[in-house]
Amino acid sequence: MKILSKILSLWGLVLLLLTSCSSPSIPSDAIQTGANPNIFPDYNGVTIPSNLCPTNFMLPDCEEAVARLSFGDISFTYGDDNKIIIDEDEWQELRSAAIGNDKGIKVEVYGKKDGKWLCYKSFPIYVAKDSIDSYISYRLIEPSYTAYEDIVIVQRNMTNYEESDIYNNQLIQTEEKGQCINCHSFQNYGTDNMLFHMRQYQGGTMIVHNGELSKVDLKTDSTISAGVYPSWHPTADLVAFSTNTTRQIFHTIDKAKIEVFDTESDLILYDVKKNEITTISNNPTELECFPTWSPDGKTLYYTSAHFEYTDSTGKEKQMIDRFREVKYNIYSRSFDLATHKFGEPQLVFDAASIGKSATLPRISPDGKYIAFAIGNYGCFHVWHRDADVCIAPLPPKGGVIVQRNAPLGDGGLNSPESESYPSFSSNGRWIMTASRRDDGNYTRPYISYFDANGKCHKAFAVPQKGPERNALLLRSYNRPEFMKQKVKVTPQQFATKAQEDAVRANYATK
């Protein structure tokens, strides 16, 4: 018994020594600076979900870094070169204790420069009572504009750092036969009904319907193209698409690198069960795009720009000459699920009247707010530095949004660089955007708390296990979407189906 007691005592001493060795100490000779620390990513004063993984960060301009995170009597200290890597179990303890508290988790940061330790101003990380969806998805793509040799659609667990492929085009493409993949979409945040497009080699739309996988060709003789930008109806087996003739041009002296525009675009409705397409709208003087459903499925929102071709020089040439004239407004149409009939267009936001262009509308799950991207012209705001994301209350009884030049509901959501592609979490408390704020070149997912009063809080980058990853991964995160669960179909199952012939959709006249 005495021997066992001695062994346990010695083991306890070893554990104590190991613990003291693994936890860095706060520098006692640190010089007070009174300045905010230059941390990457920037989590200073952000509000995070109650179930988010640790917000690891680094001090890029320091040789070493130490940080103490505390809440009440709970305190942990971290430091790994110039990175702060937070233990996940200890983070959960801190996060759980700080939920809903207006003081937040206190972060004290020390950095070593030129052999001297500096003490920076402490900052809080607030923890909201609201959680976030367990997963997000995005397309990772190099900004090569014309090449698409290596593209992957990824799903990422927000409660930890787990990341896995939904589909990777490397599974079937060859050097001679390239394949582009894009526009993943989910019904009501679930994955039993979802889709994404394959372009070029083995092209088609991959559709998962009630867990069953199919490959469909949505191009018909009566439509401009196959389905492009999709939106699943929240409850029915229906998908609204735009059909588009899309082109891109490159600037030589403009600060913008590229323009993407449509010379034609219409709206269609696809019945998944019937494999049938009908036309929603095909007005030749309107460029209709980016459909999205209201949460109750009774209204379809979309963007449309009035544009008339004036001569016979060709649509593409005229659009290149006049692309800055294209200003999209936001419209809505009522929808009758029993008959599949749509009402007449109703103006929701007149962006053109204030010299702006609004695209990519999304409706909050409670139906009270609309988020959209706004810029000076065009529909592809991801390339426009002037683009911001706006959130505005939807007027009652189908009224028009009050028009303002400034972004609505900003509060730290936007930056001097491009913000685009907004989406709401399933509980409506978080807004995710594709932002170029880090370097102006790559889009990365940023998230902002959208509180019950309709206020946006400071946006933060999706945390990474290695905080340097966002700076080193030379890829853009496109079309970030919230998901409640992982995709159940495996990448290999998608690859196998992709090599089969697509089933041609039928077009039905009304």
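Residues numbered from 1 in each chain as written. Predicted model: local features only at pLDDT ≥ 70, side-chain atom pairs only at ≥ 80, totals over all residues. Heavy atoms only, no water.

A. Region of the structure containing the overall build of the protein. Regarding its fold elements, the protein presents five helices and 35 strands. In summary, the protein has a C-alpha radius of gyration of 25 Å against a globular reference of 24 Å for 510 residues, a match within 12%. Principal-axis analysis of the C-alpha atoms places the extent of the protein at approximately 90 × 50 × 45 Å. Per-residue burial over the protein gives 55% buried out of 510 residues. If you take every contact in the protein between residues at least 6 apart in sequence, the share linking residues at least 24 apart comes to 58%. Total accessible area computed for the protein in this model is approximately 22600 Å², and 49% of it derives from carbon and sulfur atoms. Computing the positive centroid from 53 side-chain charges and the negative centroid from 62, the protein places the two 3 Å apart. (Helix = DSSP H or I, 4+ residues; strand = E, 2+ residues; numbered from the N terminus. Rg over C-alpha atoms; globule rule 2.2 N^0.38 Å. Buried < 20%, exposed > 50% of the residue type's maximum accessible area, 1.4 Å probe, protein only. Contact = heavy atoms within 4.5 Å. Areas by Shrake-Rupley, 256 points an atom, 1.4 Å probe, with all protein chains shown as cover. Lys, Arg positive; Asp, Glu negative; His and termini not counted. Charge placed at Lys NZ, Arg CZ, Asp CG, Glu CD.)

B. Expanded view of the sheet that holds strand β31 (residues 444–449). A sheet is described by the order of its strands in space; here four strands give the open sequence β29-β30-β31-β32, paired in antiparallel fashion. Among the strands making up the open sheet, the edge pair consists of β29 (419–424) and β32 (460–461). Direction of pairing for β29 relative to strand β30 (residues 430–435): antiparallel, over a ladder of four bridges. Bridging across to β30, F424 finds its partner in I431. (Pairing = 2+ DSSP bridges.)

C. Seen up close, the nonpolar core. Core analysis: the biggest nonpolar cluster contains 57 residues, and F57, L69 and I391 have the highest contact counts within it. Top contributing element to this core by residue count: strand β4 (residues 64–71), with four residues. With residues near it in sequence (within four places) discarded, L69 still touches I74, S75, F76, Y78, I86, W91, L94, I105, K106 and V107. In terms of nonpolar packing, the next biggest core, distinct from the first, is built from 22 residues, Y167, L213, M483 and V489 among them. (Core = buried A, V, L, I, M, F, W, Y, C linked by side-chain atoms within 4.5 Å.)

D. Quick look at the side chain of H384. By the element assignment, H384 lies in the loop between β27 (369–375) and β28 (388–393). At a separation of 3.0 Å, a polar atom in the side chain of H384 contacts the side chain of E259. Leaving out residues up to four positions away in the same chain, H384 has contacts with E259, Y377 and S418. (Polar contact = N/O pair within 3.5 Å; in protein donor to acceptor, adjacent residues only side chain to side chain.)

E. Inspection of the environment of L171 at higher detail. Of note, L171 is situated in the loop between β12 (163–168) and β13 (179–186). Taking the C-alpha atoms as reference, L171 lies 9.9 Å from A498; in sequence the two are 327 residues apart.

F. Representation of the sheet that holds β12 in the model. Spatially, β12-β11-β10-β33 is the arrangement adopted by the four strands of the open sheet, whose pairing is antiparallel. Among the strands making up the open sheet, the edge pair consists of β12 and β33 (476–483). Taking each pair of neighbouring strands and ignoring which way they run, the sheet shows an average axis angle of 25 degrees. Two strands pair when backbone bridges link them, and strand β10 (residues 135–141) and β33 are joined in this way by six bridges, in the antiparallel orientation. Bridge pairing in β33 places R139 opposite N478. (Axes fitted to C-alpha atoms, helices over the stretch in contact; angles between N-to-C directions.)

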